[in-house]
Amino acid sequence: MDMSKTRLHFTISGYHKERMCRLWRNVIRSLNCSTQGYTQHILIKICLCFSKKIKLFQSHVDEDFIEERRALLDNYLRKLVSIPDIAKSQEIANFLNNDKSEVPAQEQKRAPREHNPDDFPEDQEITDISIPSTRTMNDHVLYQIDVSNQRKRRTFSKWTVLKRFGQFHVMDEKVRLDLANRPDVLEAMPVRPSRKAKIWHDHMDDDFIEERRVLLENYLTKLLSIPEVAMNQHFSKLFWA
């Protein structure tokens, strides 16, 4: 069964690292020798979501922690099934077909999808955001943000900006300050991806960069769905300056 054309829409209940690691090992073993070297090279690039957090220091039932894991797992599985040899693997088919459960209607509405311009107010300048790639410089990383407004003419509907990680934090702080008198909006805003001390984390490491890219994209997508934030001058300025 080729899972590359299968839409990933399933629920992982109580994510277990051991089970995902077992899937990882079985997939590698099931690959043909002729393609294994090339495929394993790609697999190494998408292994980032296996960074297990110690429960002593991190609550595994915290909503923000769960959402972060969901975004990383979603990215990991999508990359797995984008590789032809793995998409055809019986191990992947078994993993994605076991423990099936019917998704309630309210959960389906929250499933990741492309934004529909009709979901937003008419005067909202941005209708879709993605961070498809990064650029590694000598001493820092730039995140490529693809922005679009499907209501505009095609020649003006899409543009790209490059931003450093710290600029997202500056924007977040200014937006929250502007909306200090709107506790309802502040409560709806997602937690911004946290800073990591360079003494403990290599900020130029490929896995570290990829994890940040995934979390930043998820964070921006959620902000875009909050009109008061999406139309805030500090949020908009991030994508024009």
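The rules behind the values
- Residues numbered from 1 in each chain as written.
- Predicted model: local features only at pLDDT ≥ 70, side-chain atom pairs only at ≥ 80, totals over all residues.
- Heavy atoms only, no water.
- Core = buried A, V, L, I, M, F, W, Y, C linked by side-chain atoms within 4.5 Å.
- Buried < 20%, exposed > 50% of the residue type's maximum accessible area, 1.4 Å probe, protein only.
- Helix = DSSP H or I, 4+ residues; strand = E, 2+ residues; numbered from the N terminus.
- Pairing = 2+ DSSP bridges.
- Phe/Tyr/Trp six-rings, centres within 6.5 Å; stacked < 30°, edge-to-face > 60°.
- Lys NZ or Arg CZ within 6 Å of the ring centre and 35° of its normal.
- Salt bridge = Lys/Arg side-chain N within 4 Å of Asp/Glu carboxyl O.
- Expected span 1.5 Å × (residues − 1).
- Axes fitted to C-alpha atoms, helices over the stretch in contact; angles between N-to-C directions.
- Contact = heavy atoms within 4.5 Å.
- Left-handed = near helix turned anticlockwise from the far one by under 90°.
- Nonpolar A, V, L, I, M, F, W, Y, C, P; charged D, E, K, R; others polar.

Draft legend 1. The nonpolar core, seen in detail. In this structure, Ile 145, Leu 220, Val 229, Phe 235 and Phe 239 are the most contacted members of the largest nonpolar core, which totals 29 residues. When residues of this core are traced back to their parent elements, those giving at least two are β1 (128-136), β2 (141-148), β3 (158-163), α7 (165-178), α9 (206-224), α10 (227-230) and α11 (233-238). Looking at this core element by element, the count peaks at 6 residues for α9. Residues Tyr 76, Leu 77, Val 81 and Ile 92 belong to the second largest nonpolar core, which totals 9 residues.

Draft legend 2. Up close: the pairing of β2. Buried residues dominate β2, accounting for 7 of its 8 residues. Relative to β2, β1 runs antiparallel, the two sharing 7 bridges. Pairing of Arg 135 across the sheet is with Leu 142, part of β2. The antiparallel pairing of β1 with β2 creates a hairpin that spans 4 residues between the two strands.

Draft legend 3. Expanded view of the packing of aromatic side chains. Applying the stated criterion across every chain, the model contains 3 aromatic pairs. A ring pair is formed by Phe 235 and Phe 239, whose centres lie 5.0 Å apart and whose planes are at 70°; its orientation type is edge-to-face. Overall, Phe 239 belongs to the buried group, its relative accessible area being 0%. Just above the ring of Phe 165 sits the side chain of Arg 212; from NZ or CZ to the centre is 3.5 Å.

Draft legend 4. Focus on the pattern of salt bridges. Throughout the structure, instances matching the rule amount to 10 salt bridges. Where Asp 172 meets Arg 176, a salt bridge forms, and the shortest distance between an N and an O atom there is 2.5 Å. Highlighted residues: Asp 172 and Arg 176, both in helix α7, separated by 4 residues, approximately one helical turn. Using a relative accessible area of 0% as the deciding quantity, one classes Asp 172 as buried. Close ionic contact of Arg 192 with Glu 173 constitutes a salt bridge, the shortest N to O distance being 3.7 Å. Of the two residues, Arg 192 is situated in the loop between α8 (183-188) and α9 and Glu 173 in helix α7; the sequence distance between them amounts to 19 residues. The class for Arg 192 is partly exposed, based on a relative accessible area of 26%.

Draft legend 5. How the structure looks around α9. Here α9 contains 19 residues, and its C-alpha end-to-end distance of 27 Å stays within 8% of the 27 Å for a straight helix at 1.5 Å per residue. For α9, the buried fraction is high: 14 of the 19 residues fall into the buried class.

Draft legend 6. The sheet that holds β3, seen in detail. If you trace the 3 strands from one edge of the open sheet to the other, you get β1-β2-β3, paired in antiparallel fashion. The open sheet has two edge strands with one neighbour each: β1 and β3. Each strand of the sheet is rotated relative to its neighbour by a mean of 25°, with strand direction disregarded. α7 rests against β2 and β3 of the sheet, and its axis sits at about 55° to β2.

Draft legend 7. Layout of the environment of Phe 120. Along the chain, the position of Phe 120 falls in the loop between α6 (105-109) and β1. When its relative accessible area of 9% is taken as the criterion, Phe 120 is described as buried. A C-alpha to C-alpha distance of 7.3 Å links Phe 120 and Pro 227, two positions 107 residues apart in sequence.

Draft legend 8. Focus on the packing of helix α3 (residues 63-81) against α9. Orientation of α3 relative to α9, taken along the N-to-C sense of each, is 115°, at an axis distance of 10 Å. α9 is crossed by α3, and the crossing has right-handed handedness. Every residue of α9 that contacts α3 at Glu 67, Glu 68, Arg 70, Ala 71, Leu 72, Asn 75 and Lys 79 is listed here: Glu 210, Glu 211, Arg 213, Val 214, Leu 215, Asn 218 and Lys 222. Here the contact of α3 with α9 is built from residues that sort into 4 nonpolar, 2 polar and 8 charged.

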